[in-house]
2 protein chains.
Amino acid sequence: MRLFAMRGFHETSMSEVARAASVSKALIFWHFKTKEELFMAVLNRLLEPYFIDFAEEAGALDEKSQLLRLIELYLVFVRDNASSIRFFVAQLLHDEKPSDGLTNQVLQLYDGYRTLLVDLIGRAQEKQLCKCDFPPQAAASFLLAMLNGLLMGFLFTGDKGVDLKGAIAMLRNWLFGDAPQRESDDIPPSL
Amino acid sequence: MRLFAMRGFHETSMSEVARAASVSKALIFWHFKTKEELFMAVLNRLLEPYFIDFAEEAGALDEKSQLLRLIELYLVFVRDNASSIRFFVAQLLHDEKPSDGLTNQVLQLYDGYRTLLVDLIGRAQEKQLCKCDFPPQAAASFLLAMLNGLLMGFLFTGDKGVDLKGAIAMLRNWLFGDAPQRESDDIPPSL
DNA sequence: CGAGTCCCTAACCAAGCGGTCAACAGGCAT
DNA sequence: ATGCCTGTTGACCGCTTGGTTAGGGACTCG
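As the structure is a computational prediction, the values presented were derived from the model and not from experiment. Going along each chain's sequence as written, the residues are numbered from 1 onward. Key to labels: chains lettered from A, ligands numbered from 1, both in the order written. Given that the model is predicted, a residue must reach a pLDDT of at least 70 before its local features are reported, and side-chain atom pairs must reach 80 or more before they are shown or counted; all residues, however, enter totals for whole chains, interfaces and linings. Hydrogens and water are ignored here; the side-chain numbers use all heavy atoms of the structure.

> Quick question: what am I supposed to make of the interface of chain A and chain B here?
In many analyses, interface size is given as the accessible surface area lost on bringing the parts together. Tallying the contact residues gives 32 residues for chain A and 32 residues for chain B. Taken together, both faces of the contact between chain A and chain B bury some 3000 Å²; the carbon and sulfur share is 80%. Buried area: the accessible surface (1.4 Å probe) lost by two parts on joining, summed over both. When residues of chain A are sorted by the area they lose upon contact with chain B, Leu93, Phe142 and Met170 of chain A head the list and together hold 25% of the total. In what follows, salt bridge is the name for a side-chain nitrogen of Lys or Arg lying within 4 Å of a carboxyl oxygen of Asp or Glu. Linking chain A with chain B are 0 salt bridges. In protein, a polar contact requires one atom able to donate a hydrogen and another able to accept it; more generally it is a pair of N or O atoms within 3.5 Å, and residues adjacent in sequence count only if both atoms are side-chain atoms. In this structure, the connection of chain A to chain B is made through 4 residue pairs in polar contact (both at pLDDT 80 or more). Secondary structure elements are defined from DSSP: runs of H or I of at least 4 residues count as helices, runs of E of at least 2 residues count as strands, and each element is numbered from the N terminus. When contributions to the side of chain A that touches chain B are tallied by element, the ones reaching two or more residues are helix H7 (82–94), helix H9 (136–157) and helix H10 (164–176) of chain A. For the side of chain A that touches chain B, a count of residues per class yields 21 nonpolar, 5 polar and 6 charged. By definition in these notes, contact holds between two residues if any of their heavy atoms fall within 4.5 Å. By the convention adopted, Pro, Cys, Tyr, Trp, Phe, Met, Ile, Leu, Val and Ala count as nonpolar, Lys, Arg, Asp and Glu as charged, and the other residues, Gly among them, as polar.

So this is what it looks like as structure tokens:
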């Protein structure tokens, strides 16, 4: 996992893997038929932490709090898993064919998040909680693009290049019309 | 250029390059000392179209129009150069060390665009053109993150996965308080 | 004509690649 | 003890890799 994630598929040789694992190369080929098979196993292991349960988070919160919680979950996850995300993004960029399996899994994850957002924004608009009066799909796409942009910030400039609190304040302003952030204690300490 | 950009450095062999160029491998090594040297030359050639002249675009437009024009330039460029951008992003993701030369060039390009945005937003705020009252740096970062998010949309879902007009409408709304877009003719035909 | 320089090639090289194979050690049921 | 299945190994294989080398046309200059 470490080698493949750090250096990618083609840049990692089976001899290196064997050496790093203090094992003979032949043993790896006994457990995994080919290099590709090992790589796929690694991909799946690395992907596991991405499947988290949003449902348990929903609780008794109103739509606004749920939305903010969802945004926070996304950003904190991105911040804490930057290196693995970096690897997956590179991987996705590399193989363009949509029948890849990995691509499908990631897209499915992504669509789940998006529909959650669309749903929450729609309900928040109905309850007049949401100042943003664009169609929920459009607003969700916009929000998601924004989050992905922050993700790129994390990937390229690292933790310190991104002003998380500022970004969240601006998102609150855009979504709910909340005033630009003075220091307040309703930003969770996880940020 | 085609091979390196399509398949990356390690996945492209000099024999392939020679075959694709209908030339002997030794000839390539006569012109370029190593594979890396050829690759760097390719990088520089691919990077050329990224250096465009914003100054000539400024003209006699007011700050609002300049901002919108800058945003449009960014998005149209991204849409039209998606494949080369995909390659560069993958490249940047891959080599993490900031002393890379390529990384520096791209960051410099990026910072140029950012300062342009900060400047324009600041001036627009002074003239009361801008509804968005966050500090210019914060607003510019937000805007840039948004644009990068749209970029990721182009990279992963292709031209049709991104609603350019909708995104621009929402940016106008956020920056200037423009009403959600009904069909109007002030969106240039290049979108 | 002859020397020199520029391009260019076929053949070659050592090293490393992904992958295979025969052998073998240890546990475990017969 | 015997045979079998699961792991594990070092040695090996054919092939490709990035890179080299010796040499040969074509052109220019004196």
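> Please explain the state of the cysteines as it appears in this structure.
A covalent bond bridging the sulfur atoms of two cysteines is what the word disulfide describes. Note that a disulfide, as used here, is simply two cysteine sulfur atoms within 2.5 Å. All chains considered together, the criterion is met by 0 disulfides over all chains. Unpaired in this structure, cysteine 132 of chain A has its nearest cysteine sulfur neighbour in cysteine 130 of chain A, at a distance of 5.0 Å.

> Help me understand the protein's contact with DNA strand D, please; the structure alone is not making it clear to me.
Distances are taken per atom, and a residue is near a molecule or strand as soon as one of its heavy atoms is within 4 Å of it. Around DNA strand D sit 15 residues in total, of which Ser24 and Ala26 of chain A together with Met14, Lys25 and Lys35 of chain B are the nearest. Here the atoms of DNA strand D within 4 Å of the protein split so that 48% fall in sugar or phosphate, with bases taking the remainder. The contact in question runs from a phosphate oxygen of DNA strand D to an N or O atom on the backbone of serine 24 of chain A, over 3.0 Å. Listed by contribution, the elements that provide at least two residues to the surface near DNA strand D are helix H3 (25–31) of chain A together with helix H2 (14–20) and helix H3 (25–31) of chain B. Of the residues forming the surface near DNA strand D, the biggest block, 4 residues, is contributed by H3 of chain A. Among the residues making up the surface near DNA strand D, the classes are represented as 7 nonpolar, 6 polar and 2 charged.

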